[in-house]
Amino acid sequence: RPAAVLVPVIEREAGLNILLTQRAANLREHAGQVSFPGGRMEAHDASPWHAALRESQEEIGLDPRTIEFGGYLPDHLVGTGFRVTPVVGFVQAPVRLALAYEEVEEVFEVPLDHLFDVANHSVRQRRFGETEVHFHDIRYQHRSIWGATAGMLMTWHRLIEATRGSAG
């Protein structure tokens with residue numbers, strides 16, 4: 001099932017930040033997890049970019065006119081059966097939000113440098129029946145960014161590092 005998420009990049013004085021959501025605790029899937037705004041693609045969405053914009057506006061009130069397309073990251077397959085396309089978007093400040101509290105408990109920003117610093121990365125294990133699964137985990141303050149969200153960030157980091165390596 002196709003889905004898309006927006007990876008919102010905001011330029012601040014101290015550098016680039018990524019906007020993340022803390023999902024509502026009462027949701028059926030991924031309750032309470034840290035994620036990017038987004039969701040399943042609808043038939044009327046012209047592209048993953050359009051789906052990510054629509055979902056971001058519905059979930060956190062992000063105005064699509066304030067977002068510049070930055071590019072696609074590789075699709076990410078998740079255990080719930082979704083093929084998620086991460087879309088990088090540069091958000092113009094000031095950022096104005098209106099949360100749909102039935103879906104999103106809160107939003108917060110994390111410096112991109114923190115997310116890309118491998119010293120903040122770890123791997124944790126979870127058991128699903130007889131299957132043991134390894135997840136990437138990025139700690140920030142009192143939060144744990146893990147699973148698909150951490151995987152997408154780490155993929156982006158590896159792509160940037162590979163580009164730097166081939167340029168030198």
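Let me sum up the structure you'll find in this document. (Residues numbered from 1 in each chain as written. Predicted model: local features only at pLDDT ≥ 70, side-chain atom pairs only at ≥ 80, totals over all residues. Heavy atoms only, no water.)

**Details of the packing of aromatic side chains**
Both the distance between ring centres and the angle between the ring planes are used here to describe each pair of aromatic rings. Applying the stated criterion across every chain, the model contains four aromatic pairs. For the pair Trp49 and Phe69, a centre-to-centre distance of 5.1 Å together with 80° between the ring planes defines the contact as edge-to-face. Placement of Trp49 in helix H1 (residues 48-60) and of Phe69 in strand S5 (residues 67-72) is noted, with a sequence separation of 20 residues between them. Taking the relative accessible area as the measure of exposure, Trp49 reaches 14% and is therefore buried. Ring plane angle 85° and centroid distance 4.9 Å describe the contact between Phe135 and Trp146, whose orientation is recorded as edge-to-face. With Phe135 in strand S10 (residues 131-140) and Trp146 in strand S11 (residues 143-146), the pair connects residues that are 11 residues apart, well separated along the chain. (Phe/Tyr/Trp six-rings, centres within 6.5 Å; stacked < 30°, edge-to-face > 60°. Helix = DSSP H or I, 4+ residues; strand = E, 2+ residues; numbered from the N terminus. Buried < 20%, exposed > 50% of the residue type's maximum accessible area, 1.4 Å probe, protein only.)

**Remarks on the nonpolar core**
With 26 residues, the main nonpolar core has Ile18, Leu20, Phe36, Leu115, Ile145 and Trp156 as its most contacted residues. Elements represented by at least two residues in this core include exactly strand S1 (2-12), strand S2 (15-23), strand S7 (83-91), strand S8 (104-111), helix H2 (112-116), S10 and helix H3 (147-167). Ranked by the residues each element gives to this core, the list is headed by H3, at five residues. Excluding anything up to four places from it in sequence, Leu115 contacts Ile18, Val110, His121, Ile138, Ile145 and Leu153. Within the second largest apolar cluster, 14 residues are counted, among which are Ile10, Leu19, Ala51 and Val87. (Core = buried A, V, L, I, M, F, W, Y, C linked by side-chain atoms within 4.5 Å. Contact = heavy atoms within 4.5 Å.)

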